[in-house]
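A structural walkthrough
Each chain is listed here by its residues.
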Amino acid sequence: MGTENDLPGISLKDEQRQLQNIIGIAQDNLDRAKESVKKLTDDLEDLRDVYEAQDKEGLALWNNATAQLHENERNIVRCEKARKKPYFGRIDFKDPRQESQESYYIGRVGIAKNASEPVVIDWRAPISSVYYESSLGPCKYTVSSEGTFEIDLNRKRTYEIADDKLIDFFDSDVVANDELLTKYLAKNKKAVLGEIIATIQKEQNLIIRRSPKTNIIVQGVAGSGKTTVAMHRISYILYNYADDFRPEDFYIIGSNHILLNYITSVLPELDVYGIKQMTMEQLFTRLLYEDWDDKKYSIHEVSKNDSRNSIKGSKEWFEALEKFCLDYEEKSIPRDEVYMEKTGNLLVGKVLIDTYLHDNPLLSMQSKILMLNEIIYSKYENEVLGKEVKFPAKERRELDKKYKTYFGKDDWKGSVYDFYRDFLLSQKEKEYDIDIPKDSFDVYDLAALAYIYKRIKETDPVREASHVVIDEAQDFDTFMIFPWRPQQGKVARIICDVYMADGTPFEGDPRYILKKQIEKAKQMGYIFNVGPECEFFLFHLDENGQPTTISHERAGYFDLGPNDLGENARRDMVLTLEDMDFEIEAS
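Below, the structure is looked at part by part. Owing to the predicted nature of the structure, the values given are computational and were not obtained by experimental measurement. (Residues numbered from 1 in each chain as written. Predicted model: local features only at pLDDT ≥ 70, side-chain atom pairs only at ≥ 80, totals over all residues. Heavy atoms only, no water.)

The next thing to look at is the overall build of the protein chain. Within the protein chain, the secondary structure is distributed over 17 helices and 18 strands. When burial is assessed residue by residue, the protein chain has 36% of its 587 residues classed as buried. Contacts in the protein chain between residues at least 24 apart in sequence constitute 61% of all its contacts with a sequence separation of at least 6. Put simply, the protein chain shows about 36,300 Å² of open surface, and 52% of that area lies on carbon and sulfur atoms. (Helix = DSSP H or I, 4+ residues; strand = E, 2+ residues; numbered from the N terminus. Buried < 20%, exposed > 50% of the residue type's maximum accessible area, 1.4 Å probe, protein only. Contact = heavy atoms within 4.5 Å. Areas by Shrake-Rupley, 256 points an atom, 1.4 Å probe, with all protein chains shown as cover.)

And the structure:
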């Protein structure tokens, strides 16, 4: 940011002065961005006036100007973020390759003076990693395609800025203290995502900045930040590997639309646009390509109470399907040695076939057939070209036809649905009590169908995405909107376990207390079964609307007729509970 003599100071007054200076630069950038959008909007109006709708030159100019307008509109969003809160951190360090000390402010987005002189660097920039990961003293950071560089970090400062004013700052080895983190977490979820960049912890940062060629599994309790880390990682990769990846290269797979709608709303906060998002069901039907027909087939939800079909989601079930496919492949692809007619020369041997199949486990069965056909046909051509033994034209045509499809036809003629039903029937014979679907499938059926398509049929794989982010399978089965409350400003409930920030169960959680008691009972040899039986009394109200001790009850225990108001009250309760998916045995 400058030579050692013009580095920003470290006193409160110095920092206040520097903040106002950077705010001024951010405001200038915002004004220029707005002016650019206004100019592009005017240009589009001019194009509309000059060219007709079908004019090719005008259409090309229109599309180009529209693309520029969208990018400039996004730039306004970046500039507004920079203007609202220019930065949250600072690092001072000595680079042995440079003569003087250096200092960088770190923000949600970069801020540059005159478009070329950075005054704030983006949190995703390679050198920003030392702010999150490194303690004071010698440390390293890595730049993609350039290598790793050593620096001596001698200050790491964190700021709290609000309404263009410096509220507080502190120097520390840690990124954020508990007080600052608590302030951020007290805000609404969308605001937290923007602020959490300032409080990313070392372990989270290591996940975010891992190589994009690395597969990562992140485990943690609900609310521990797994989704947030995943979204920051997407933002980081798109920023640092812009030449290698585009937003269309990413899929976010969620268990339900509630989660996906949340992700859709907050990704722009991280300067990420155009990411494809879908549920597991949508992913699997997409992987079935032309074999999935929305008009012919439908999807139904998995019932958690369906113990018969729950086996379809187990590892044991997948391994059985995997073996079923392998057995089918072994029956479908000939393994015998093949000798050339008349010459008796070996074209392909069993060892070659077995080696090829073993060395290409990721290819589908049909792809293996096509490759083996190419191998044997090439061997056959070598035999018939330039050899002493001649083949008449008719015989040659017959041999051509034979060896072009010796291991199988170009296309698999089977049906993934029939194949899946055959598999289910084979499992039913093993005494698995499962349903055999016809034209409606749950997510486990779709997963199996997609696997069969990829494992057996596919011959021309489509590169769908380079990165697939699969978020946790959140359980919203207990989410229920109360039917008796006003539908304008709806009220809902969800049953869940409560955990502390460190992942330990909350001691006051009634469900946790009940689980502990059930476990104690189990250790004593008891099994805990419970069924609610609700009893109630209805009382008259007095003239002031207050309850009295005068009951509505008139009926006896087994009276046949509705002798009091309890009958209607019970009916309303039963209907409401059934609306909430409760099964009422008796009332």
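From this point, the discussion proceeds with the structure in view.
In this section: the pairing of strand β9 (residues 276-279). Alignment of strand β8 (residues 250-254) against β9, held across four bridges, turns out to be parallel. Opposite G254, over in β9, you have T279 as the bridge partner. On the question of chirality, the crossover connecting β8 to the parallel β9 by way of helix α8 (residues 257-266) is right-handed. (Pairing = 2+ DSSP bridges. Right-handed = clockwise from strand over helix to strand, strands pointing away.)

Now for a nonpolar patch on the surface. Together, I258, F479, I481 and I494 make up an exposed nonpolar region whose accessible area comes to about 320 Å². Relative to the helices and strands, F479 is located in the loop between β14 (467-470) and β15 (480-481). (Patch = residues over 30% accessible without salt bridge, like charges linked within 9 Å, V, L, I, M, F, W, Y side chains within 5 Å. Salt bridge = Lys/Arg side-chain N within 4 Å of Asp/Glu carboxyl O.)

Taken together, the three strands give an open sheet; going across it, the order is β9-β8-β14, and neighbouring strands pair in parallel fashion. Only two strands of the sheet have a single neighbouring strand rather than two, namely β9 and β14. On average, adjacent strands in this sheet sit at an angle of 25° to one another, irrespective of strand direction. Running at roughly 175° to β8, helix α7 (residues 226-240) makes contact with β8 and β14 of the sheet. Against the sheet, α8 touches β8 and β9, its axis set at about 165° to β9. (Axes fitted to C-alpha atoms, helices over the stretch in contact; angles between N-to-C directions.)

Moving on, we get to the pattern of salt bridges. By the definition in use, this model includes 36 salt bridges. One salt bridge in this structure joins R83 and D164, with 2.8 Å as the shortest N-O distance. One end of the pair, R83, is in helix α2 (residues 56-84); the other, D164, is in the loop between β6 (147-162) and β7 (165-171), and 81 residues separate them in sequence. Here K368 makes a salt bridge to E329, at a shortest N to O gap of 3.1 Å. One end of the pair, K368, is in helix α12 (residues 365-384); the other, E329, is in helix α10 (residues 315-332), and 39 residues separate them in sequence. Relative accessible area serves as the criterion here: at 2%, E329 is assigned to the buried category. Each of the salt bridges in this network shares a partner with another, and the network as a whole consists of E15, R90, D92, R155, R157 and D171.

With that settled, the discussion passes to the packing of α10 against helix α14 (residues 416-429). Two elements in contact, α10 and α14, have axes whose closest approach is 11 Å; the angle formed by their N-to-C orientations is 115°. Crossing handedness for the pair α10 and α14: right-handed. Contact residues: W317, A320, L321, F324, C325 and Y328 in α10; F419, D422, F423, L424, S426 and Q427 in α14. When grouped by side-chain class, the residues that make up the contact of α10 with α14 number nine nonpolar, two polar and one charged. (Left-handed = near helix turned anticlockwise from the far one by under 90°. Nonpolar A, V, L, I, M, F, W, Y, C, P; charged D, E, K, R; others polar.)

With that out of the way, let us pick up unusual backbone geometry. In this structure, D163 is a non-glycine residue whose phi angle is positive, near 55°. Within the secondary structure, D163 sits in the loop between β6 and β7. Look at D163 and you get exposed, because its relative accessible area is 70%. For Y289, which is not glycine, the phi torsion reads 50° and is therefore positive. Considering the arrangement of structural elements, one finds Y289 in the loop between α9 (280-287) and β10 (298-299).

Turning our attention to the packing of aromatic side chains. Scanning all chains against the criterion turns up 29 aromatic pairs. Both rings, one in Y131 and one in Y132, keep their centres 5.2 Å apart while their planes meet at 80°; by these two values the pair is edge-to-face. Using a relative accessible area of 0% as the deciding quantity, one classes Y131 as buried. Y132 gets classed as buried once you look at its relative accessible area, which sits at 2%. Taken together, a centroid distance of 5.3 Å and an interplanar angle of 80° make the contact between F324 and F419 edge-to-face. Here F324 is found in helix α10, whereas its partner F419 is found in helix α14, with 95 residues between them in sequence. (Phe/Tyr/Trp six-rings, centres within 6.5 Å; stacked < 30°, edge-to-face > 60°.)

Okay, the packing of helix α11 (residues 350-359) against α12 next. Viewed as axis vectors pointing N to C, α11 and α12 meet at an angle of 140°, and their least axial separation amounts to 11 Å. Classed by the angle they form, the pair α11 and α12 counts as oblique. Here α11 and α12 pass one another in a crossing that is right-handed. Between α11 and α12, the contacting residues are L352, I353, Y356 and L357 on the first element and S367, K368, M371, L372 and I375 on the second. (Parallel < 35°, antiparallel > 145°, perpendicular 65-115°, else oblique.)

Structurally, M480 can be placed in strand β15. With a relative accessible area of 13%, M480 lands in the buried category. Along the chain, M480 and D581 lie 101 residues apart, while their C-alpha atoms are 9.0 Å from each other. Leaving out residues up to four positions away in the same chain, M480 has contacts with V491, A492, R493, D579, M580 and D581.

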